[in-house]
Amino acid sequence: MHTVVLGTSGVSAADVVAVARADARIELSEEAVAALASARAIVDALAAKPEPVYGVSTGFGALATRHISQDLRAQLQRNIVRSHAAGMGPRVEREVVRALMFLRLKTVCSGHTGVRPEVAQTMADVLNAKITPVVHEYGSLGCSGDLAPLSHCALTLMGEGDAEGPDGVVAPAGELLAAHGIAPVELREKEGLALLNGTDGMLGMLVMALADLENLYKSADITAALSLEALLGTDKVLAPELHAIRPHPGQGASAANMLAVLKGSELTGHHQDDAPRVQDAYSVRCAPQVAGAGRDTMAHARLVAERELASAVDNPVVLPGGTSQAFGSGGGRVESNGNFHGAPVAYVLDFLAIAAADLGSIAERRTDRLLDKNRSHGLPPFLADDAGVDSGLMIAQYAQAALVSEMKRLAVPASADSIPSSAMQEDHVSMGWSAARKLRTAIDNLTRIVAVELYAATRGIELREGLRPAPASRAVIDAVRAAGVQGPGPDRFLAPDLAAADAFVRGGHLVAAVEPVTGPLA
């Protein structure tokens, strides 16, 4: 099993995916343990002083003006976890919770939070035991971090609340910890706050979305090429020299992918045959421009994610030295800040949802063209076996259109909204968690949309008798048929075929079918 060793300098996107989806094991490096101990010494020194320090010896948020005596500070830390664990609605996915916890642990190990090494080790132990706190859909405004989701995770560390065991059964967290020999933590000054205050949920979902979209954008280039082929379109618009004079990197990559898939096809270049047309429709001709713009959006989102993965997000944070009024040992200090605001992550989550909606929209337009006998250049209506008796793929396109319509609604930015909270102390919030949640739905929908185009395009190519498809297209057709997606023929129960096509795309099998022929796609 892959092991991720946590230091003080952040983690990679691959580390997040490995922990969230593949249950990679986590270890704390000696460097991280030393940094944790050093930061904790600063907090302990400040906690012993009579002056109030936010998060150490005060209340929180709008209640930060109250100085908390030493005998109440452990209770304060327990209370903030319990009171903030106020999520509602259905459970979020296991992989989201694992990413959330792992990224919080990443920040804890930075040495800027003041959490004791033993608390960090308990976080790692819970993840390694495959214990997953029950976290709910609603509760985060994306400012002061993902407070409610992180609170449910911290509650598990205390042995309270519910969690899912490695067998998938939900049980009291205390029982699960005991079964795995993990002692519940007794939180001390600042630790409860440090476990709650980060953008970890929205960041984890961003990282996983980018991993999924990388597969989907390659898949969409393939299905666009298959549709062009089925429509007897021209591949001349994919020539590298045309894309070099408008040098958007994503556009060039998508055009190159499509050209690689179409290499050797006998179906392209027939646009001047029986029903001549000067140009293909925009949904075919402009496919690289639309998909390429989405690729460039992903590149920007990836840059934001990389910066956030290298960040230590907490409030307050522990810093060495300086001139703060609140000094600790060695001149260390604890400072309030606004780094927990989720705006950088929220914006790109929304931007990705917009790009995904447009990619889904153009894929649906190509599918509709394949099914329309007036625009498909010789294909039967709805790709039906006996049109009139058979309806073919008519309602498959309905399902695809419904998905596109929902994606357009999901493209409305969550980050454009803000709602004040905490007695107007937290008067502007990012809604980044909401942006991430709707992006996950959008990606699910986009996968299905691409699957429907795959289903229609492969059928269309097979109905072009006497013309050989490209070797890469042939490889796709063979692979998708072997995966249980049936080809042309009389009407049948379509849902199983569509589900098989969805699984084929979602699992990366479409890209895997092509690349042995084309080489690695961009």
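Residues numbered from 1 in each chain as written. Predicted model: local features only at pLDDT ≥ 70, side-chain atom pairs only at ≥ 80, totals over all residues. Heavy atoms only, no water.

(A) Expanded view of the packing of helix H13 (residues 287–309) against helix H14 (residues 343–371). H14 packs onto H13 with a crossing angle of 160° between their chain directions and a minimal axis gap of 9 Å. Here H14 runs roughly antiparallel to H13, going by the angle between their axes. Relative to H14, H13 is oriented so that their crossing is left-handed. From H13, Ala-287, Val-290, Ala-291, Gly-294, Thr-297, Met-298, His-300, Ala-301, Val-304 and Glu-308 reach across to H14, where they touch Pro-344, Val-345, Val-348, Phe-351, Leu-352, Ala-355, Asp-358, Leu-359, Ile-362 and Arg-366. Across the contact of H13 with H14, the residue classes tally to 14 nonpolar, three polar and three charged. (Axes fitted to C-alpha atoms, helices over the stretch in contact; angles between N-to-C directions. Helix = DSSP H or I, 4+ residues; strand = E, 2+ residues; numbered from the N terminus. Parallel < 35°, antiparallel > 145°, perpendicular 65-115°, else oblique. Left-handed = near helix turned anticlockwise from the far one by under 90°. Contact = heavy atoms within 4.5 Å. Nonpolar A, V, L, I, M, F, W, Y, C, P; charged D, E, K, R; others polar.)

(B) Geometry of the side chain of Arg-73. One can find Arg-73 in helix H3 (residues 73–84). Residue class for Arg-73 comes out buried when judged on its relative accessible area of 2%. Contact partners of Arg-73, with chain neighbours within four places excluded, come to Ala-47, Val-56, Ser-57, His-67, Ile-68 and Glu-189. (Buried < 20%, exposed > 50% of the residue type's maximum accessible area, 1.4 Å probe, protein only.)

(C) Spatial organisation of the pattern of salt bridges. The full count for this structure, using the stated rule, is 36 salt bridges. Residue Arg-40 is joined to Asp-44 by a salt bridge in which the shortest nitrogen-to-oxygen separation is 3.0 Å. With Arg-40 and Asp-44 both in helix H2 (residues 30–47), this residue pair falls four residues apart, about one helical turn. Put simply, Arg-440 and Glu-95 hold a salt bridge, and the shortest N to O gap is 2.9 Å. Placement of the pair is Arg-440 in helix H16 (residues 432–462) and Glu-95 in helix H4 (residues 94–108), with a sequence separation of 345 residues. The two residues Arg-440 and Glu-95 agree in class, both being buried. Look at the salt bridges and you will find they share partners, linking Arg-40, Asp-44, Arg-73, Arg-116, Glu-118, Arg-188, Glu-189 and Glu-191 into a network. (Salt bridge = Lys/Arg side-chain N within 4 Å of Asp/Glu carboxyl O.)

(D) Representation of empty space enclosed by the protein. Overall, the coordinates contain two cavities of 30 Å³ or more when judged by the stated rule. Its boundaries defined by the atoms lining it, the largest cavity holds a volume of some 50 Å³. Forming the boundary of the largest cavity are Leu-100, Met-101, Arg-104, Met-123, Leu-150, Cys-153, Ala-154, Leu-157 and Leu-195. Put simply, the parts of the chain that give the lining of the largest cavity at least two residues each are H4 and helix H6 (147–157). Element by element, the count of residues in the lining of the largest cavity is highest for H6, at four residues. What the second largest cavity holds in volume is close to 40 Å³. Forming the walls of the second largest cavity are Ala-220, Asp-221, Ala-224, Met-258, Ala-287, Pro-288, Ala-291, Leu-359, Ile-362 and Arg-366. Grouping the amino acids of the lining of the second largest cavity by side-chain chemistry returns eight nonpolar, no polar and two charged. (1 Å grid on protein atoms, 1.4 Å probe; cavity = no way out; pocket = protein on both sides within 12 Å on 5 of 7 lines; lining within 4 Å. Points joined across faces, edges and corners; volume = space filled by probe spheres on them.)

(E) The arrangement of the nonpolar core in detail. Ranked by size, the top nonpolar core spans 148 residues in total, and within it Phe-102, Leu-105, Leu-195, Leu-206 and Ile-222 carry the most contacts. Ignoring anything within four residues of it in the chain, the contact list for Phe-102 reads Val-4, Leu-6, Val-11, Asp-15, Val-16, Val-19, Ile-26 and Leu-127. Ala-47, Val-53, Val-56 and Val-318 belong to the second largest nonpolar core, which has nine residues in total. (Core = buried A, V, L, I, M, F, W, Y, C linked by side-chain atoms within 4.5 Å.)

(F) The environment of Arg-246, seen in detail. Inspection of the secondary structure puts Arg-246 in the loop between helix H10 (240–244) and helix H11 (249–262). Each C-alpha atom of the pair Arg-246 and Phe-382 lies 36 Å from the other, and the pair is 136 residues apart in sequence. Excluding its chain neighbours within four sequence positions, the residues that come into contact with Arg-246 are Gln-251 and Gln-289.

(G) View of unusual backbone geometry. Put simply, Asn-315 and Pro-316 share a cis peptide bond, and its omega is 0°. Unlike most non-glycine residues, Lys-130 shows phi in positive territory, near 60°. With respect to the helices and strands, Lys-130 occurs in the loop between helix H5 (117–128) and strand E4 (132–133). Positive phi, close to 60°, is recorded for Met-431, a residue that is not glycine. By the element assignment, Met-431 lies in the loop between helix H15 (394–410) and H16.

(H) Up close: the packing of helix H9 (residues 200–230) against H16. It is at 9 Å that the axes of H9 and H16 come closest, and there the two elements cross at 20°. Taken together, the axes of H9 and H16 lie roughly parallel to each other. By crossing handedness, the relation of H9 to H16 is classed as left-handed.

(I) Structural detail: the confidence of the model for the chain. Looking at the chain, pLDDT values average 93 and 96% of them are 70 or higher. For the stretch residues 323–329, pLDDT sits under 50, and the model shows 17 contacts to residues farther than four places along the chain or on other chains. (pLDDT = per-residue confidence, 0-100.)

(J) Just H3, in detail. The end-to-end C-alpha separation of H3 is 16 Å, in line with the 16 Å expected for twelve residues at 1.5 Å each. Among all positions of H3, only Arg-73, Leu-76, Gln-77, Ile-80 and Val-81 are buried. Viewed along the axis of H3, the buried residues span an arc of 130°, placing them on a single side of the element. Buried residues belonging to H3 abut H2, H6 and helix H8 (191–194). (Expected span 1.5 Å × (residues − 1). Arc of directions from axis to C-beta.)

(K) Spotlight on the sheet that holds strand E6 (residues 162–164). Spatially, three strands are ordered E4-E6-E7 in an open sheet, and the strand pairing comes out antiparallel. The open sheet terminates on both sides in strands that have one partner only, identified here as E4 and strand E7 (170–172). (Pairing = 2+ DSSP bridges.)

(L) Local environment of the environment of Leu-105. Among the secondary structure elements, Leu-105 is positioned in helix H4. Residue classification places Leu-105 among the buried residues on the basis of a relative accessible area of 0%. Along the backbone, Leu-105 and Asp-200 are 95 residues apart, and their C-alpha atoms lie at a distance of 9.5 Å. Not counting the four nearest positions on each side in its chain, Leu-105 is found in contact with Leu-6, Ile-26, Leu-28, Ala-120, Met-123, Ala-124 and Leu-127.

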